[in-house]
Number of protein chains: 2
Amino acid sequence: MRVNGQRLWDSLMELAQIGATDKGGVKRIALTELDGQGRDLVVRWMREAGLTVRVDSIGNIFGQRPGKDPKRAPVGTGSHIDTQPSGGKFDGNYGVLAGLEVVRTLNDLGIETEAPIEVCAWTNEEGTRFTPVMMGSGTWAGLFKPEDMHLRPDFEGITVGEELKKIGYLGTAPCGPSAEYPGFAAYFEAHIEQGPVLEDADLPIGVVTGALGQRWFDVEIVGQEAHAGPTPMPLRRDALLALSHLVQAVNRIALAEAPHGRGTVGFVQVSPNSRNVIPGSIKSTIDLRHADDDALNRMEKAAYAAAEEIAAMVKTRSGGVSVKVTPATQFPVCKFDPDCINAVRLGANALGLANMDIVSGAGHDAVYVGRTCPAAMIFVPCKDGISHNEVEDAKPEHLEAGCNVLLGAMLERAGVVVAKEKAAAASTLA
Amino acid sequence: MRVNGQRLWDSLMELAQIGATDKGGVKRIALTELDGQGRDLVVRWMREAGLTVRVDSIGNIFGQRPGKDPKRAPVGTGSHIDTQPSGGKFDGNYGVLAGLEVVRTLNDLGIETEAPIEVCAWTNEEGTRFTPVMMGSGTWAGLFKPEDMHLRPDFEGITVGEELKKIGYLGTAPCGPSAEYPGFAAYFEAHIEQGPVLEDADLPIGVVTGALGQRWFDVEIVGQEAHAGPTPMPLRRDALLALSHLVQAVNRIALAEAPHGRGTVGFVQVSPNSRNVIPGSIKSTIDLRHADDDALNRMEKAAYAAAEEIAAMVKTRSGGVSVKVTPATQFPVCKFDPDCINAVRLGANALGLANMDIVSGAGHDAVYVGRTCPAAMIFVPCKDGISHNEVEDAKPEHLEAGCNVLLGAMLERAGVVVAKEKAAAASTLA
């Protein structure tokens with residue numbers, strides 16, 4: 001039993017036409033007219049595959065394939081189809097269309113499952129126009145209220161609610177598990193890795209066991225702006241020199257918690273930012289991640305300590321430099337369900353696909369959905385580990401392999417109905 | 001013999017009204033309508049003080065007070081009245097109005113000099129709207145051609161020539177020493193220090209012996225933009241980590257050439273500059289300065305070597321980071337004339353003003369003028385060493401002291417005519 005890799009690829013390429021960029025990427029930002037067009041295409045495909053489509057109050061799309069036992073909670077899969085401003089063809093889109101390909105394959109083979117199968121497209125995962133990120137799955141998981149989310153504005157003051165209405169996706173189904181639509185029995189999400197680990201290890205499948213906890217901080221360094229020429233070195237209060245020590249400290253802190261520790265300074269705004277002026281102040285950020293809460297605690301503590309040490313170190317005769325670190329956002333460590341993880345691993349092994357356990361460094365809809373039900377993810381390699389970029393790329397054979405693993409894992413959890421006559425034939429042959 | 005400190009202060013405050021900012025600074029950018037208004041005021045004051053005013057083809061203003069011997073080259077002084085976009089009241093303005101105050105004092109006391117005295121206001125010293133910086137004095141010194149400078153555009157494409165004409169300062173006098181207007185016998189410029197050295201040493205007068213040579217470089221660091229989460233530390237090609245090492249190297253290189261070594265990274269542009277993305281590329285700058293060319297050569301060599309070492313160091317399994325350093329601009333080391341320096345030092349000592357030798361870290365009009373004649377400068381402290389800023393401040397008593405030193409130095413070089421009757425009276429008394 002195998003999915004149709006060519007059909008999956010063709011669907012990915014067709015969806016990528018909506019918002020296609022000159023450089024081969026996709027710009028289909030959440031809740032824009034183009035997002036609406038993308039949703040329309042996905043919904044048409046869902047209906048053509050026989051799925052019953054509903055849209056909830058935050059615009060999440062669910063396409064259900066009935067199971068033999070309508071009382072059983074569905075086994076879900078999916079991702080998102082909104083992209084970054086300079087996004088690629090695969091991030092999110094792959095997870096939605098891999099789910100659709102699973103359904104199409106079941107249809108082709110006339111396979112009935114015990115539990116229903118549900119394919120989801122979550123609203124606004126990227127968070128590039130409207131915050132928070134993973135808005136749809138987060139609302140579905142009860143972290144945010146739909147009515148609050150409807151009021152969230154973009155940079156021009158246009159709200160989520162207005163745009164959902166405009167593109168026709170302000171649905172009436174309840175957002176989140178309800179009496180009418182129970183939560184998932186299990187949830188799987190296929191996704192490109194967005195990192196270089198699988199490519200580096202030359203493996204087609206990553207069995208995702210969880211996601212790193214994340215702690216984000218804002219950094220403000222204040223020294224003294226001064227002329228680069230007339231200010232002798234011992235009298236300088238150089239904010240950039242302080243930042244240089246902080247960047248290295250963050251790097252050391254992450255290396256000390258290998259292999260899961262990550263530490264990144266990604267944003268730097270220097271003031272006044274002129275080649276012949278000593279930087280007077282800097283706004284920056286720290287992003288710490290780890291698979292373990294204790295390690296995250298150690299990392300956070302070390303970052304605060306480094307800020308203090310640096311402030312003490314850069315002190316000069318004429319005064320010091322202050323280094324202020326304040327918490328911005330955090331996401332707790334996510335550990336996926338052991339049975340779901342095992343379903344993915346067995347699925348890969350059954351197909352003879354070499355695989356490794358991997359922890360997701362980024363957040364995904366499955367992390368939020370996984371707060372309401374057993375969940376796991378399947379990663380496939382992407383070229384150079386690059387995503388959120390128009391050059392984002394993935395190999396058709398890897399996408400097909402990941403989809404086959406998804407099919408196996410979902411069937412393992414949903415249960416295949418063996419038709420009486422087939423079962424009889426099987427026993428005769430045995 | 002003393003200048004009138006209150007009159008000097010009042011003139012500074014009156015000129016500072018033109019382009020005054022809410023925060024107490026001045027925004028009077030070169031060749032704007034406000035610059036024209038400032039020039040008109042200075043020219044009116046020059047004429048009221050009996051000076052003969054001429055304007056040259058780049059808009060430099062010269063006000064001459066005749067000497068007894070019209071064949072002698074004048075002793076010059078001055079600076080500029082254009083400001084930074086968020087500039088102060090003193091940078092440049094002090095040098096022009098201190099020259100004017102010297103003339104007013106000579107008038108008050110009825111003193112005739114052997115050589116003429118000339119007060120100058122040089123065009124576009126700041127270079128904030130039109131490059132190059134020190135355009136007026138540089139053109140006068142023959143480094144740039146007036147006809148080339150006339151074509152220089154601002155960010156909106158308006159040229160120096162157009163604006164000079166519009167504000168009425170496209171003069172007809174030749175720019176640079178000529179048969180009709182010979183170069184200066186000596187040139188002195190009074191200026192706020194723009195650094196913290198005099199304040200730190202608690203001295204009112206700096207005897208400026210020269211200006212640091214400057215070598216400016218552009219830096220381009222290219223690594224690999226990647227997601228902060230999914231990219232393990234050993235696979236990162238973090239451009240900011242490379243920059244952090246470069247910032248520290250530049251700092252070390254300058255410290256190794258104390259006390260005159262300066263090394264500054266003032267500009268940083270991170271791409272994509274997002275908190276959860278590893279910096280993929282960075283544009284930055286290096287500014288190296290020293291009073292000695294050999295030291296500058298060592299510093300430059302060390303900066304190139306550091307760039308190479310850092311590129312080798314940040315190398316990872318998945319590739320490296322390139323660190324490209326390219327020359328941008330340079331100003332050679334300037335050593336002022338020993339006799340002029342001595343005139344300043346003797347002038348300060350004669351007034352009992354505590355002083356120290358100091359090397360200017362910044363460029364000044366006197367550096368260019370000094371290529372054509374003997375020159376030196378006088379520094380007075382400014383608050384916290386801050387300039388190019390609306391909070392730029394200086395004490396009236398320091399400004400007065402600097403002006404008195406200027407008066408003494410100029411008279412020493414111009415020669416005071418002792419009137420026959422006074423000389424006779426003096427010999428009778430002796």
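Keep in mind that what you see is a predicted model, and the values were worked out from it rather than measured.

**Some words on the overall build of chain A**
Along the backbone of chain A there are 13 helices and 16 strands. The burial tally for chain A puts 58% of its 430 residues in the buried class. The contacts of chain A with a sequence gap of at least 6 include a subset with a gap of at least 24, amounting to 77%.

**A word on the pairing of strand 10 (residues 268-271) of chain A**
Every regular strand shows the same layout, with side chains that alternate between the two sheet faces. Residue and element names in this part refer to chain A. Here strand 10 shows a buried face lined by Val268 and Val270 and an unburied face lined by Gln269 and Ser271. Where strand 10 lies against strand 12 (residues 281-290), four bridges are found, and the strand directions are antiparallel. If you follow Gln269 over to strand 12, its bridge partner there is Lys283.

**Digging into the interface of chain A and chain B**
Opposite the 54 residues of chain A that make contact, chain B presents 54 residues. Looking at which element gives the most residues to the side of chain A that touches chain B, the answer is helix 8 (residues 239-255) of chain A, with eight residues. Of the residues belonging to the side of chain A that touches chain B, the class tally is 26 nonpolar, 21 polar and seven charged.

**A word on the packing of helix 1 (residues 5-15) of chain B against helix 3 (residues 93-109) of chain B**
Residues and elements named next belong to chain B. At their nearest, the axes of helix 1 and helix 3 sit 10 Å apart, and the two run at 140° to each other. Judged on the interaxial angle alone, helix 3 and helix 1 are oblique. By crossing handedness, the relation of helix 1 to helix 3 is classed as right-handed. Contact residues: Arg7, Leu8, Ser11, Leu12 and Leu15 in helix 1; Asn93, Tyr94, Leu97, Ala98, Leu100, Glu101 and Arg104 in helix 3. Looking at the contact of helix 1 with helix 3, its residues break down into seven nonpolar, two polar and three charged.

**Focus on the domain arrangement of chain A**
Bring the parts together and some accessible area is lost; that lost area is often taken as the interface size. Residues and elements named next belong to chain A. Annotation of chain A at the domain level lists domain 1 (5-211 + 333-424) and domain 2 (213-331). Centre-to-centre, using C-alpha coordinates, domain 1 lies 37 Å away from domain 2. At the junction of the two partners, domain 1 supplies five residues and domain 2 supplies eight residues. Here the side of domain 1 that touches domain 2 is composed, by residue class, of two nonpolar, three polar and no charged.

**Details of the nonpolar core**
Counting residues in each nonpolar core, the largest one holds 101 residues, and the members touching the most others are Phe188, Val344, Ala376, Ile378, Leu406 and Met410 of chain B. Not counting residues within four places of it along the chain, the set of residues in contact with Val344 of chain B comprises Val207, Ala376, Ile378, Val405 and Ala409 of chain B. If you look at the next biggest cluster of nonpolar residues, it comprises 99 residues, including Ala30, Val42, Met46 and Ala186 of chain A.

**So, the relation of the copies chain A and chain B**
Once turned by 180° and shifted 0.0 Å along the axis, chain A lies on chain B with an RMSD of 0.0 Å. Such a turn and shift between the copies fits a two-fold axis. In terms of C-alpha distance to the rotation axis, chain A has Ser244 of chain A as its closest residue, with the C-alpha 2.1 Å off the axis. Comparing contact sets, 100% of the residues at the interface of chain A also lie at the interface in chain B, consistent with an isologous, same-surface contact.

**Examining helix 12 (residues 396-414) of chain A**
Residues and elements named next belong to chain A. In a regular helix each residue adds 1.5 Å, so 19 residues correspond to 27 Å; helix 12 covers 26 Å between its end C-alpha atoms and thus fits that length. Among the 19 residues that make up helix 12, 17 are buried, leaving the element largely enclosed by the rest of the structure. Gly415 occupies a position one or two residues after helix 12 and carries a positive phi of about 80°.

**What about the pairing of strand 3 (residues 75-79) of chain B?**
All names here are of chain B. Counting buried positions along strand 3 yields five of five residues, so the element is predominantly enclosed. Neither face of strand 3 is open: one carries Val75, Thr77 and Ser79, the other Gly76 and Gly78, and all of them are buried. With five bridges connecting them, strand 3 and strand 4 (residues 117-121) associate as parallel partners. The residue bridging Ser79 from the neighbouring strand is Ala121, located in strand 4. Running through helix 3, the crossover from strand 3 to the neighbouring parallel element strand 4 is right-handed. The pairing of strand 3 with strand 5 (residues 186-192) spans three bridges and is parallel. The residue of strand 5 that forms the bridge with Val75 is Ala186.

**Topic: the packing of helix 10 (residues 338-350) of chain A against helix 12 of chain A**
Residues and elements named next belong to chain A. Direction vectors running N to C along helix 10 and helix 12 enclose 125°, while the axes themselves pass 8 Å from each other. Comparing their axes, helix 12 and helix 10 come out oblique. The hand of the helix 10/helix 12 crossing is right-handed. Facing Ala343, Val344, Leu346, Gly347, Ala348 and Ala350 of helix 10, the residues of helix 12 in contact are Val405, Gly408, Ala409, Glu412 and Arg413. Broken down by class, the residue content of the contact of helix 10 with helix 12 amounts to seven nonpolar, two polar and two charged.

**Focus on helix 8 (residues 239-255) of chain B**
Given a rise of 1.5 Å per residue, 17 residues ought to cover 24 Å, and the 25 Å separating the end C-alpha atoms of helix 8 of chain B matches this to within 8%. The buried fraction of helix 8 of chain B amounts to 13 of the 17 residues, a majority that puts the element mostly inside the structure.

**Examining the confidence of the model for chain A**
In this model, chain A carries an average pLDDT of 95, and 97% of its residues clear a pLDDT of 70 or more. In the predicted assembly, ipTM is 0.89 and pTM is 0.88.

**As for unusual backbone geometry**
Residues Thr131 of chain A and Pro132 of chain A are joined by a peptide bond in cis, for which omega reads 0°. With respect to the helices and strands, Pro132 of chain A occurs in the loop between strand 4 (117-122) and helix 4 (135-140). The amide bond that connects Ala258 of chain B to the next residue, Pro259 of chain B, takes the cis arrangement and shows omega of 0°. For Pro259 of chain B, the location among the structural elements is in the loop between helix 8 and strand 9 (262-264). The phi dihedral of Asp202 of chain A is positive, around 55°, even though this residue is not glycine.

**As for the environment of Gln84 of chain B**
Residue and element names in this part refer to chain B. In this structure, Gln84 sits in the loop between strand 3 and helix 3. Judged by local crowding, Gln84 falls into the buried class, with 22 C-beta atoms found within 10 Å. Separated by 45 residues in sequence, Gln84 and Arg129 have C-alpha atoms that sit 8.9 Å apart. Contacts of Gln84, omitting those with residues within four sequence positions, involve Glu126, Thr128 and His388.

Cut-offs used in this document
- Residues numbered from 1 in each chain as written.
- Chains lettered and ligands numbered in written order.
- Predicted model: local features only at pLDDT ≥ 70, side-chain atom pairs only at ≥ 80, totals over all residues.
- Helix = DSSP H or I, 4+ residues; strand = E, 2+ residues; numbered from the N terminus.
- Buried ≥ 20, exposed ≤ 12 C-beta atoms within 10 Å, placed from the backbone.
- Contact = placed C-beta atoms within 7 Å.
- Pairing = 2+ DSSP bridges.
- Nonpolar A, V, L, I, M, F, W, Y, C, P; charged D, E, K, R; others polar.
- Axes fitted to C-alpha atoms, helices over the stretch in contact; angles between N-to-C directions.
- Parallel < 35°, antiparallel > 145°, perpendicular 65-115°, else oblique.
- Left-handed = near helix turned anticlockwise from the far one by under 90°.
- Domains from an automatic or database assignment.
- Core = buried A, V, L, I, M, F, W, Y, C linked by C-beta atoms within 7 Å.
- Least-squares fit on C-alpha atoms with pLDDT ≥ 70 in both.
- Expected span 1.5 Å × (residues − 1).
- Right-handed = clockwise from strand over helix to strand, strands pointing away.
- pLDDT = per-residue confidence, 0-100.

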